[in-house]
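Take a look at the letters that make up each chain.
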Amino acid sequence: MHCRPFIFVFCALILWITTGCSDSRTNVERGNAAKELYFGLGTEPATIDPHLATGLTELNVMIALLEGLATIDAATGAIRPGVAESWDISEDGLQYTFHFDPLARWSNGDPVTAQDFLFAFERILSPALGAPYAYMLYPMRGAKAFNQGELKAFAQVGARAPNPATLIIELEAATPYFLSLLTHNTWWPVHPPTILKYGGMTDRISQWTKASNFVGNGPFALKHWRLNSSIFVERNPYYRAPEEVGLNGIHFLPIEMNAEERAFRAGYLHITSSVPIHRIDWYREHMPQ
């Protein structure tokens, strides 16, 4: 009987602490303070396997997790070094020699090697994988023939690695836009030991893309993936150029389009993937920038 007043006061105190001290900031405000971006995806990604993905939704996530030989400057749109810190082009434009950045690492600390790229090229071009965008590699000598089963040995394709830090690619014909092709996810590497740990090279259904298993070489590492809820990536401590990464993390949120637009206006998102047609005029008037 004598304890009841104390219990009442204690419960009231706990209620005051949990409500009065709760964080009332929006996601945008919290994200700004923590240097974390809240990104509206629109839909749930079908996959984050770079050799099977086909949509922009998937690319928005994968570009944080993986990096190819070359990349695109976000400010200028120019091609700049990625895993390859430099390259040489033969006079006839048929051979590209890529020299790897010695700091390029996978998110588990393994070095990124030329052999990793050869594994990735063979994987996406293998007919058994059925990669929908395998044709993106067709400028490479023998790639189309191998993908269509006319060549049986990948060694006959125009890609070789004289050493772990050098990759040579030979083309069927001079392709002036070849470097820009390398920024597409079909040319990105995958981590061979992880692929093989969870199945074969050409297994379409695999556990390697789960958050607890994924190994990438991009500026961020996959922390968790909760289906139909959120994907969170955090800064990759092994990324080759940490000074270029201004964020500590990114929250990718799959939200239905109309709900996403409302969330964006309410400060729940920094970036929205789409705007309903009937809201375009409102944004032009109130948020032109």
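Quick caveat: nothing in here was measured; it's all calculated off a predicted structure.

J.: Help me understand the overall build of the protein in this model?
T.: Counting secondary structure elements, the protein contains nine helices and 10 strands. Its C-alpha atoms give the protein principal-axis dimensions of about 90 × 50 × 35 Å. Expressed as a percentage of its 289 residues, the buried residues of the protein come to 47%. A fraction of 57% describes how many contacts in the protein between residues 6 or more apart in sequence connect residues 24 or more apart. If you sum the accessible surface of the protein, you get close to 15,100 Å²; carbon and sulfur atoms cover 58% of it.

J.: Got a minute to help me understand the sheet that holds strand β9 (residues 230-235) in this structure?
T.: The strands that make up a sheet pair up through hydrogen bonds in the backbone, lying either parallel or antiparallel. Reading across from one edge, β1-β10-β9-β8 is the order of the four strands in this open sheet, with mixed pairing throughout. Each edge of the open sheet carries a strand with a single partner, namely β1 (36-40) and β8 (220-226). Averaged over all adjacent pairs, the angle separating strand axes in this sheet is 15 degrees, with direction ignored. Bridge count between β9 and strand β10 (residues 249-253): four bridges; the pairing is antiparallel. Opposite V233, over in β10, you have I250 as the bridge partner.

J.: What am I meant to see in the side chain of T272 here?
T.: Tracing the sequence through the fold places T272 in the loop between α8 (257-265) and α9 (280-286). Separated by 2.6 Å, the side chains of T272 and E260 make a polar contact. Those residues in contact with T272 that sit more than four places away from it in its chain are G40, E260 and F264.

J.: Could you clarify how one ought to interpret the packing of aromatic side chains in this entry?
T.: For any two aromatic rings, the description comes down to two numbers: the centre-to-centre distance and the angle of the planes. Enumeration according to the criterion identifies 11 aromatic pairs in this entry. On the basis of an interplanar angle of 70 degrees and a centroid distance of 5.5 Å, the ring pair of F146 and F154 is categorised as edge-to-face. Each member of the pair F146 and F154 is classed as buried. Taken together, the aromatic side chains of W87, Y96, F98, F100, F117, F121, F178 and W187 make up a single cluster linked through ring pairs.

J.: How do you make sense of the environment of H224 when you look at a structure like this?
T.: For H224, the position within the fold is in strand β8. Distance in space between the C-alpha atoms of H224 and A211 is 5.1 Å, their sequence separation being 13 residues. The contacts of H224, once residues within four sequence positions are left out, are A211, S230, I231 and F232.

J.: Is there a simple way to explain the sheet that holds strand β5 (residues 95-100) in this structure?
T.: Overall, antiparallel pairing links the four strands, which are arranged β4-β5-β7-β6 in an open sheet. At either margin of the open sheet sits one strand with a lone partner, and together these are β4 (84-89) and β6 (159-163). Recorded for the sheet is a direction-independent mean angle of 20 degrees between the axes of neighbouring strands. The pairing of β6 with strand β7 (residues 166-170) spans three bridges and is antiparallel. Residue R160 lies in a different strand from β7, and its bridge partner there is I168. Strand contacts of helix α4 (residues 114-125): β5, β6 and β7, with the helix running at about 165 degrees to β6, the strand carrying the most contacts.

J.: Can you help me understand the pairing of β1 in this one?
T.: For β1, a buried count of five out of five residues is recorded, marking the element as mostly surrounded by other parts of the structure. Burial of β1 is two-sided: the residues E36, Y38 and G40 facing one way and the residues L37 and F39 facing the other way are all buried.

Definitions and limits used
- Residues numbered from 1 in each chain as written.
- Predicted model: local features only at pLDDT ≥ 70, side-chain atom pairs only at ≥ 80, totals over all residues.
- Heavy atoms only, no water.
- Helix = DSSP H or I, 4+ residues; strand = E, 2+ residues; numbered from the N terminus.
- Buried < 20%, exposed > 50% of the residue type's maximum accessible area, 1.4 Å probe, protein only.
- Contact = heavy atoms within 4.5 Å.
- Areas by Shrake-Rupley, 256 points an atom, 1.4 Å probe, with all protein chains shown as cover.
- Pairing = 2+ DSSP bridges.
- Axes fitted to C-alpha atoms, helices over the stretch in contact; angles between N-to-C directions.
- Polar contact = N/O pair within 3.5 Å; in protein donor to acceptor, adjacent residues only side chain to side chain.
- Phe/Tyr/Trp six-rings, centres within 6.5 Å; stacked < 30°, edge-to-face > 60°.

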